[in-house]
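# Examining the three-dimensional arrangement
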Amino acid sequence: MEKFKKYQSSLGVHDPTIIFHEPNQTYYMYATDTSINGEMKPGILIRKARNLIRWENLHNALSGIPKWVYEYTNPGNLWAPEVVLINGVYRMYYSASMFGTNQSVIGLAEATHPEGPWIDQGLVLSSHPDKSEANAIDANVLYDRHHQLWFVYGSFFSGIHIKKLDEKSGKLLNPNTEGTCIARRSINVEGAIEGPFIYYHKTFDMYYLFTSYDFLGESYNVRVARSKDIKGPYVDTNGHGMFGDIEHPHRNGTKILGSYNLEPEPHWTSIGHNSILDVHNTQYMVAHSRVKHQHYPHFLYLKPLIWLDSGWPVVSLGEFIEYVETKPNNFKGIVFDENSTESMVETDLNIDTTDYKTYRCTLENGDTVIAICGINAKGQAYWGYRREDIA
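A short tour of the structure in this document, coming up.

With that out of the way, let us pick up the packing of aromatic side chains. Tallied over the entire structure, the rule returns 18 aromatic pairs. Ring geometry for W268 versus Y301: centroids 5.7 Å apart, planes at 90°, classification edge-to-face. Here Y301 lies in strand β20 (residues 294-307) and W268 lies in strand β18 (residues 267-279), a separation of 33 residues in the sequence. Residue W268 is classed as buried on the basis of its relative accessible area, which comes to 1%.

Here it is in structure tokens:
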């Protein structure tokens, strides 16, 4: 366990989101209810940290599963909270579902402080197999460039959808429609698509749609596509849209993160269901992960994003320190092959484009190295470290 001791305080984290509370300079994390040390307490556990590393478990946001949620879905826990600050009020959009079906709901709770008290505000959206092909889980909320508030949701079934939100109430302007579908995979693909998160990058003036593909095991991975319009169409680095087909189930969306085995780090697997933390002019990939051969425990997976000159995001190999100028030679690392459903293993990197960044960073084991990340000629994301920097 020594290699990943840094993450032990985030034991049990699944489908995480992190916010930064300016008044007390503290980070707060919210995640799907999970069993921690054999005990499940539904209600969305609140965790806090000063440094994004040492997390302290506080208390649940809610006293349990709201009665109206239980009556509709009979869930064992609450899922995938999204927490946003709107006009001085924190809003938590949480999900619940009758597992394996789209009999699901997204509810809303509000508070004036990240620690609460949180007051349940009831239903935002529901779905049911007799009424809809959509699945009302995995909410994401954001403003577009014109300050219109949007609601993104969906998992498996009919894909990812987007609708307008009312800023004042936090509820949907039109709750009776599914909204615009912006991404979909065939439901014949195991795990299909879930966990949408859209990030608007002001400099590039683009919307970036992050989603997770495949089953919650070793094949689980994060994809990205982008669009000038928040409602799409979204395309990846190869120009493919986000509507996949059964013949090419892994083609759509640029894979920027997945299970990998890199010498200086633990053997991370099942990385996915991400959100983006935007703080102090840095964007962080916030996701959950497991460690190979210890399948059950899951932890927070947190790394900075690096933005290439082409406008594409890639995940930093380690904690970013500074950009450096160096030749892209003698690097070893990981290429995230979109067609692979297994852990990526280290390989010698062939840098065949100029779409990369070199930088100094600190790895999980404490080593400081010169690293590289970029997009290759096949449109694949990669990262690696200079071979001579690892003893």
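In space, the 4 strands of this open sheet follow the order β1-β2-β3-β4, with antiparallel pairing throughout. At either margin of the open sheet sits one strand with a lone partner, and together these are β1 (17-21) and β4 (56-60). Across the sheet, the mean angle from the axis of one strand to that of its neighbour is 30°, orientation sign disregarded. Judged from the 4 bridges that link them, strand β2 (residues 26-30) and strand β3 (residues 45-49) form a sheet pairing that is antiparallel. By the bridge assignment, M29 is partnered in β3 with R47.

Here we come to the pairing of strand β14 (residues 206-213). The element β14 is largely enclosed, with a buried count of 8 among its 8 residues. Burial of the side chains of β14 extends over both faces: M206, Y208, F210 and S212 are buried on one face and Y207, L209, T211 and Y213 on the other. The sheet contact formed by strand β13 (residues 193-201) and β14 spans 7 bridges and is antiparallel. In the strand pairing of β14, F197 is matched with F210. Judged from the 7 bridges that link them, β14 and strand β15 (residues 221-227) form a sheet pairing that is antiparallel. By the bridge assignment for β15, F210 is matched with V224.

For the structure shown, the criterion picks out 15 salt bridges. Across the pair E265 and K303 runs a salt bridge whose closest N-O atoms are separated by 2.9 Å. With E265 in the loop between β17 (260-261) and β18 and K303 in strand β20, this pair connects stretches of sequence that are 38 residues apart. Look at E265 and you get buried, because its relative accessible area is 2%. A network of salt bridges, in which partner residues are shared, links R145, D205 and K228.

The next subject is the sheet that holds strand β5 (residues 79-86). Within a beta sheet, neighbouring strands are joined by backbone hydrogen bonds and run either parallel or antiparallel to one another. The strand order β5-β6-β7-β8 describes an open sheet built from 4 strands, whose pairing is antiparallel. The sheet terminates laterally at β5 and β8 (119-127), the two strands that pair on one side only. When strand polarity is set aside, the average angle formed by the axes of neighbouring strands in this sheet is 20°. Pairing geometry for strand β6 (residues 89-97) and strand β7 (residues 104-111), over 8 bridges, is antiparallel. Within β7, the residue paired with S95 across the bridge is I106.

Analysis parameters
- Residues numbered from 1 in each chain as written.
- Predicted model: local features only at pLDDT ≥ 70, side-chain atom pairs only at ≥ 80, totals over all residues.
- Heavy atoms only, no water.
- Phe/Tyr/Trp six-rings, centres within 6.5 Å; stacked < 30°, edge-to-face > 60°.
- Helix = DSSP H or I, 4+ residues; strand = E, 2+ residues; numbered from the N terminus.
- Buried < 20%, exposed > 50% of the residue type's maximum accessible area, 1.4 Å probe, protein only.
- Pairing = 2+ DSSP bridges.
- Axes fitted to C-alpha atoms, helices over the stretch in contact; angles between N-to-C directions.
- Salt bridge = Lys/Arg side-chain N within 4 Å of Asp/Glu carboxyl O.

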